Each structure stands twice: as structure tokens, then as C-alpha cells.
Amino acid sequence: MHPHAKTLHIEVSENHIYNGLALGALLRKPYADYTFPKARLLRFKFDSSRGLRQPADGETTLPEIEANITAFAGRIKHMAPMVQKVCLEPTRNHSTHSRIPSQHFDSLVAQICQSVGNVELLYLSRLVRVEPFLSGLCQLEFRDGAGGNAELAVQLAQHNAVTLQRLELHMQGNDDVHGLIKDAEGGYVEYSCLHMLKLVDKSIVDLSRRPVFPNAQPFPFLRSLSLAPASPFGDDTPFRGNSATLERLNLYLSTAMVQMLKKNEVFGCIKHPKLQFVKLEWNSVHAESRFIEDLTFIRFGLTIGSNVVAREVSCDLPAHGLDYMLSPFENHKCIEVIELPQTGLSILEVISLVKALPLFRHLHSKVRPGYVLPSDISRHKLPAYMIETYSPIGQRFRCWRINADPDLSFEITVQWALLLALVCPNLDYVAVSSNARELFMAYMKEMIATNGFRQHATRLRRLLFGGWSNTIPN
């Protein structure tokens, strides 16, 4: 059965493992005959939301539980003997207050992971306890800072510093993050195999604090770095020593972050020859006092890395002065994605962006009116006029994600999308909220049947109004 499957997925209640029901199911047909000789990845999801009581008279005894665990782990190894990587993930029903005796859980995980070199641990906050025996982790994700296991996440990361390749931590305070690079003896920890680091610190970072290790290089071989909303170490620690290897960078900019980066000349005299992708995010307040700050962020971010071939910009811009805010983009040909979810753009502003950016492929914005027809052009002649005036542009522009504006009719939004599709030959996806999709499609069919668009019906029917889930940029 499925002899060519490369991944084996198992999701089971731990109660069923301990009382033997899971083992019994694997020993009965058809599962008894299943083998996956080419499976290299085991994804093991477990649910212990109901917990396990200490056995009462007549119930499964502790020795029987241990025997069931050993037999279950052995059966999994028999089914997929060539597994090289294990992914452990508690289900979303898993309770952080589970009463399962930890030594049994430890035994189960240890036996499943035995002799496997690469182990991933996801959603750590749902775990009750993981003993230090869990070595050899290649990936660790801790996504719920409110789960109360931040200290455990840091301990596991330190314990696996020599094997971790990917580390994602969503923390509540920078004291936890400092623990990543400071061991119990006061020395600093180096993550010599770490290629991807994502740190999300929801606390207010005090950038005036003295660095823990001013000259340490704890992440010397990073290829991908993501920091939000600030550098949680309060200094340039994540950037040290990896300028020659860094390929992808995602920064949530703030005034303090930009000042820190400039002060430490992270992107000044330091070169990043392999940096190919940069994503910039920040939160813009719609007030004139923020215009200069927005412009500063844009100009600073777009100067990062001389060899960058793909950039993303994500922020909210005020409608007033929009031309001034967007003008820096025109000199940076490598921008692929622009996300302005609360900014209304007219069709001519969209066209100006597409014309200026040859690699531009994805836009997220609101739609706003603002296009005034030439006096000698009637509405039904508008499609022909747009094609004659602007087409073709944006050979790589494929997707426009629209945030609906309650003050703007669906009809105008559909009309703008159809006109844009006529001048951008490869625009084939307009993303709207799922509850509005059918209405948008109905307006599109009706509009294509009118005089102005009818002769272009073949091209326009390729345009799809779909949901947002398919529009996440690569």
C-alpha cells in the first residue's frame, strides 16, 4: 500500500497509545500489511487533551503502558524503516495541563526519534514538558508566547545549538531572547548550523540596554533572518558575522530600528554579496507628521544590499501626498511585491507602479476612484482607449489583492480590474474576500457583455476573482 510514499502521517491520542488501542489498530488489517519503504519523513501529531489517570485496579498497569509504548514505537519503525526525519507536533486540542506522566511521554518520543538524525518540534507551547534527552533537533518553532514555555524553548534551543538549522521564536520579553546566546556559565552560545532565524518579540525592547555580548557572533552562517517588530537583542547581534552568507531579510522597521542599524553600520560599509531578497514592513499612522518617517523608511530600506534582486514593501500610506510617498520606488527596479492594505490607489497610480517596476508581480491595496475620462472619450470607448494609451505593460504582474472599501461600489472595482487586465497581459488573478467573490464574478460577466469590453471577452474571461489564500507571495 502506497509503496512510493515519501511521508508518513500519524495522528493519534496518547491515551490510545497507552491503553494499547493504537497498537491494536496497527496490528489489524489492513494496517498490518502496510509498509512505506521509501518514506523519509515521519509527521507525528499527538493529542493528550484528556490526560491520563494513574491506573486503577483492573485497568492498564504502568508496566503494560511501557510495553505498549515500546511496541507502538517498534511498529512505526517497522512500517517506515528508512525514516530520516521526524516532525513532532501536538494537535490543536492538546492541553498544556495534561496529566500524562512525563516519563512515559519522554519514552515514547525517545523511541520514535531513536537513530533519527533530524527532528523537528513544532508548536512547543502546547507541550507540558520535554526532557533534555531530545537532542538532534534540526528545527524548533515556538509560536505562542502566552503558553508559558518560553524558558523551555530557550533551553531546548541552547541544548540543540550545534544541530539546529531553523529556529522560530515568538517571545514576550527580550530577557528570554538574551537567554538564547548566554549559557549557564555566562559564556555565549554559537549556533553553528543555523540557517534560518525568525524572532518575534511582542514586548517593548529597551535599545539603551547594554549588549549581553558586544562582540559575539552567535549566528555566523544565517541565510534567512526575520525580525519583528524590532531587534529583540536591542543591538546588531543577529547581523554579526553573517554578512557573507545572508540571502533573505525580513525587517519590521521603526525609528529605533533604523537608528540602530545606521549606528552599527550594518548596511553601510558592510557588504552582503549574497543578499537577494528583502521584505520591509512598518506601521504608518495616517498623519502628516509621519510623512517624513515613512519616506525615511522607504529610502533606507531600498538601499539595503547592492545585489538584491527581489524586494517587498508592506505598510500603510496616507492618501494625501501619495505621489511623494511612492516616488522612491521608481528608481528601484527590483521590487516584486508592494502591500498597502489600507491605502487606496486609483487605476492610474497602479499603472504607474507597474510601468516603473519591471519585476513587479503582486499588489495589495484598496481601490479608490480618481480617474477622469478625457472629454472626447465616452465610457464604452474606455477599454480601447486604455489599450491604445498604455498596453502592454507589466509582463510579470500577475495578482492584485483588493481590500474592499465600503464606500466604493463593486462595479467600479470590477471595472478597474478589467481595464488593468487589458493593459497587463499576464494579470490573471484578482483576490477579494471570499464572501464577495460570487458577486464580483457576476459583475464581471455582466460587464464583459457590454459594448466596451465585449470584443475583449476571450482575454477577460481568463481573469479570476478568487480568495486571498492563494495570493501569499513566494
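Relevant structure appears above.
Rules used in this analysis
- Residues numbered from 1 in each chain as written.
- Predicted model: local features only at pLDDT ≥ 70, side-chain atom pairs only at ≥ 80, totals over all residues.
- Heavy atoms only, no water.
- Helix = DSSP H or I, 4+ residues; strand = E, 2+ residues; numbered from the N terminus.
- Contact = heavy atoms within 4.5 Å.
- Areas by Shrake-Rupley, 256 points an atom, 1.4 Å probe, with all protein chains shown as cover.
- Axes fitted to C-alpha atoms, helices over the stretch in contact; angles between N-to-C directions.
- Parallel < 35°, antiparallel > 145°, perpendicular 65-115°, else oblique.
- Left-handed = near helix turned anticlockwise from the far one by under 90°.
- Nonpolar A, V, L, I, M, F, W, Y, C, P; charged D, E, K, R; others polar.
- Buried < 20%, exposed > 50% of the residue type's maximum accessible area, 1.4 Å probe, protein only.
- Phe/Tyr/Trp six-rings, centres within 6.5 Å; stacked < 30°, edge-to-face > 60°.
- Lys NZ or Arg CZ within 6 Å of the ring centre and 35° of its normal.
- Pairing = 2+ DSSP bridges.
- Salt bridge = Lys/Arg side-chain N within 4 Å of Asp/Glu carboxyl O.
- Polar contact = N/O pair within 3.5 Å; in protein donor to acceptor, adjacent residues only side chain to side chain.
- Core = buried A, V, L, I, M, F, W, Y, C linked by side-chain atoms within 4.5 Å.

Caption draft 1: Geometry of the overall build of the protein chain. Counting its secondary structure elements, the protein chain contains 15 helices and 16 strands. Considering only residue pairs separated by 6 or more positions, the protein chain has 79% of its internal contacts joining residues 24 or more positions apart. When the accessible surface of the protein chain is split by element, carbon and sulfur atoms take 51% of a total near 22400 Å².

Caption draft 2: Just the packing of helix H11 (residues 382-390) against helix H12 (residues 410-423), in detail. Where H11 contacts H12, the axes come no closer than 9 Å and their chain directions differ by 40 degrees. Of the possible angle classes, the one that applies to H11 and H12 is oblique. Crossing handedness for the pair H11 and H12: right-handed. Contact with H11, carried on its side by Leu-382, Pro-383, Met-386, Ile-387 and Tyr-390, involves Gln-415, Leu-419, Leu-422 and Val-423 of H12 and no other residues of that element.

Caption draft 3: Quick look at the packing of H12 against helix H13 (residues 437-448). At a minimum axis distance of 9 Å, the contact between H12 and H13 shows a crossing angle of 65 degrees. Handedness of the crossing formed by H12 with H13: right-handed. Residues Phe-410, Glu-411, Thr-413, Val-414, Gln-415 and Leu-418 of H12 form the contact with H13, whose participating residues are Leu-439, Phe-440, Tyr-443, Met-444, Met-447 and Ile-448. Across the contact of H12 with H13, the residue classes tally to 9 nonpolar, 2 polar and 1 charged.

Caption draft 4: The arrangement of the environment of Phe-297 in detail. The topology assignment puts Phe-297 in helix H8 (residues 291-301). Of the residues examined, Phe-297 reaches a relative accessible area of 3% and is grouped as buried. Placed 43 residues apart in sequence, Phe-297 and Ser-254 show a C-alpha to C-alpha distance of 7.8 Å.

Caption draft 5: Spatial organisation of helix H10 (residues 347-356). Burial runs high along H10: 7 of the 10 residues are buried. When H10 is considered as a whole, its buried residues turn out to be Ile-347, Glu-349, Val-350, Ile-351, Leu-353, Val-354 and Ala-356.

Caption draft 6: Quick peek at the packing of aromatic side chains. Taken as a whole, this structure holds 7 aromatic pairs when the rule is applied. Seen in terms of ring centroids, Phe-239 and Phe-267 are 5.8 Å apart; in terms of plane orientation they differ by 80 degrees. Their pairing is edge-to-face. With Phe-239 in the loop between strand S8 (224-228) and strand S9 (248-252) and Phe-267 in the loop between helix H7 (255-263) and strand S10 (277-281), the pair connects residues that are 28 residues apart, well separated along the chain. The pair Phe-239 / Phe-267 is uniform in exposure class, with both members buried. Positioned over the ring face of Phe-277 is Arg-248, at 4.0 Å from the centre of the ring.

Caption draft 7: Summary view of the pairing of strand S6 (residues 166-171). Counting buried residues in S6 gives 5 out of 6 residues, a clear majority hidden from the surface. Here 4 bridges tie strand S5 (residues 137-142) to S6, and the two strands are oriented parallel to one another. The residue bridging Glu-141 from the neighbouring strand is Glu-168, located in S6. Pairing between S6 and strand S7 (residues 196-201): 6 bridges, direction parallel.

Caption draft 8: Examining the pattern of salt bridges more closely. Applying the stated criterion across every chain, the model contains 8 salt bridges. One salt bridge in this structure joins Arg-240 and Asp-236, with 3.2 Å as the shortest N-O distance. What makes Asp-236 buried here is its relative accessible area of 13%. Of the charged contacts in the structure, one is a salt bridge between Lys-279 and Glu-312, with a shortest N-O distance of 3.7 Å. Of this pair, Lys-279 sits in strand S10 while Glu-312 sits in strand S11 (residues 310-314), and the two are 33 residues apart along the sequence. Shared partners join several salt bridges into a network, and the residues in it are Asp-235, Asp-236 and Arg-240.

Caption draft 9: Representation of the side chain of Glu-349 within the structure. Following the sequence through the fold, Glu-349 ends up in helix H10. Among the residues examined, Glu-349 registers a relative accessible area of 10% and is labelled buried. A distance of 2.9 Å separates a polar atom in the side chain of Glu-349 from the backbone nitrogen of Ser-346.

Caption draft 10: Seen up close, the environment of Leu-353. You can see Leu-353 is positioned in helix H10. Between the alpha carbons of Leu-353 and Gly-394 there is a distance of 9.2 Å; along the sequence they are 41 residues apart.

Caption draft 11: Expanded view of the nonpolar core. Within the largest apolar cluster, 98 residues are counted, with the highest numbers of intra-cluster contacts made by Leu-251, Trp-400 and Phe-465. Look past the residues within four positions of Leu-251 in its chain and what remains in contact with it is Leu-227, Phe-239, Met-257, Leu-261, Phe-267, Lys-279, Leu-280, Glu-281 and Ile-304. Ranked by size, the runner-up nonpolar core spans 26 residues in total, among them Ile-10, Ala-22, Phe-72 and Leu-108.

Caption draft 12: Representation of the pairing of S7 within the structure. Extensive coverage of S7 is indicated by the burial of 5 of its 6 residues. Two elements, S7 and S8, share 5 bridges in a ladder whose sense is parallel. If you follow Lys-198 over to S8, its bridge partner there is Ser-226.

Caption draft 13: Representation of the side chain of Lys-366. Structurally, Lys-366 can be placed in strand S13 (residues 362-367). Excluding anything up to four places from it in sequence, Lys-366 contacts Leu-340, Pro-341, Gln-342, Thr-343, Gly-344, Leu-345, Asn-403, Ala-404 and Asp-405.

Caption draft 14: The arrangement of the environment of Arg-379 in detail. The topology assignment puts Arg-379 in the loop between S13 and H11. Spatially, the C-alpha atom of Arg-379 lies 7.6 Å from that of Gly-452, the residues being 73 residues apart in sequence.

Caption draft 15: A look at unusual backbone geometry. For the bond running from Ser-391 to Pro-392, omega is -10 degrees, close enough to zero to count as cis. Mapping Pro-392 onto the fold places it in the loop between H11 and strand S14 (399-403). The backbone of Glu-265 shows a phi angle near 50 degrees, a positive value even though the residue is not glycine. Mapped onto the elements, Glu-265 comes out in the loop between H7 and S10.

The values are spatial; any link to function lies outside them.
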